[in-house]
Amino acid sequence: MSLNTCTESGRLGKAAELRYTTTGVAVVTFSIAVDERRKQPDGSYQDEANWFDCVMFGKRAEAVQPYLAKGTKLSLVGHLRQSTYERDGQKRSRVEIVVDDVELMNTRREQQTADPAPQAVEAASVYDSDIPF
């Protein structure tokens, strides 16, 4: 048995990018900064950002993309996926988070100062195709 689940919360470093596959599936990519507090030799603490690449697919990705502006605070649940590729004759590897669920965590004041985005998403249009029955 294997377990592959991760939960993260942090802020976006830049606005999420929306693309489509050749078959028309929406793909949203973004990076999230997750702070880690580390104790320094002098006894003080300093926050250091860890950056994680994330990808989200389908109608939900397309619906949430307008809300994913630079600095947006969010929480996500997903799983890790490793991909390998070759560049300049060198084999390379990358691990990214495939996002299964995302929740925006901005306060109302933070949302008002962020880039304008649509105010409502019709839930039925986002989830209809996800229901197998």
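Given the structure is predicted, the values throughout are model-derived calculations rather than measurements. (Residues numbered from 1 in each chain as written. Predicted model: local features only at pLDDT ≥ 70, side-chain atom pairs only at ≥ 80, totals over all residues. Heavy atoms only, no water.)

**Remarks on the confidence of the model for the chain**
With 80% of its residues at a pLDDT of 70 or more, the chain shows a mean pLDDT of 85. At the level of individual helices and strands, the chain shows its lowest average pLDDT in helix 3 (residues 123–127), which scores 47, and its highest in strand 2 (residues 17–20), which scores 96. For residues 116–128, every residue scores under 50 in pLDDT, and the model assigns this stretch 14 contacts once sequence neighbours within four places are set aside. (pLDDT = per-residue confidence, 0-100. Helix = DSSP H or I, 4+ residues; strand = E, 2+ residues; numbered from the N terminus. Contact = heavy atoms within 4.5 Å.)

**What about the environment of Arg38?**
Checked against the element boundaries, Arg38 lands in strand 3 (residues 26–39). With relative accessibility at 39%, the residue Arg38 sits in the partly exposed group. Residues Arg38 and Glu48 lie 10 residues apart in sequence; the distance between their C-alpha atoms is 7.2 Å. Ignoring sequence-local partners within four residues, the contact set of Arg38 consists of Ser44, Tyr45, Gln46 and Glu48. (Buried < 20%, exposed > 50% of the residue type's maximum accessible area, 1.4 Å probe, protein only.)

**As for the pattern of salt bridges**
A complete count under the given rule lists 7 salt bridges for this structure. Across the salt bridge formed by Glu96 and Arg81, the nearest N and O atoms sit 2.5 Å from each other. Residue Glu96 is found in strand 6 (residues 90–104), and its partner Arg81 is found in strand 5 (residues 73–87); the two are separated by 15 residues along the sequence. What makes Glu96 buried here is its relative accessible area of 11%. A residue is classified by how much of its surface remains accessible, and Arg81, at 34% relative accessible area, is partly exposed. Salt bridges here are not isolated pairs; linked through shared partners, they connect Asp53, Arg81, Arg94 and Glu96. (Salt bridge = Lys/Arg side-chain N within 4 Å of Asp/Glu carboxyl O.)

**Examining the state of the cysteines**
If you walk through the whole model with that rule in mind, you get 0 disulfides. The thiol of Cys6 is not disulfide-bonded; the next cysteine sulfur, from Cys54, is found 7.6 Å away. Residue class for Cys6 comes out buried when judged on its relative accessible area of 10%. (Disulfide = S-S within 2.5 Å.)

**Quick notes on unusual backbone geometry**
The phi dihedral of Asp88 falls on the positive side, at around 55°, and the residue is not glycine. Take Asp88: it is sitting in the loop between strand 5 and strand 6. Classification of Asp88 as exposed rests on a relative accessible area of 71%.

**What about the layout of surface pockets?**
Rolled over the atoms, a probe with the dimensions of a water molecule shows which regions are left empty. Size it by volume and the second largest pocket reaches roughly 180 Å³. Lining the second largest pocket are 13 residues, and of these Thr29, Phe30, Asp53, Cys54 and Arg94 lie nearest its centre. Top element by residues in the lining of the second largest pocket is strand 3. It accounts for 4 residues. Classifying every residue of the lining of the second largest pocket by side-chain character gives 5 nonpolar, 2 polar and 6 charged. (1 Å grid on protein atoms, 1.4 Å probe; cavity = no way out; pocket = protein on both sides within 12 Å on 5 of 7 lines; lining within 4 Å. Points joined across faces, edges and corners; volume = space filled by probe spheres on them. Nonpolar A, V, L, I, M, F, W, Y, C, P; charged D, E, K, R; others polar.)

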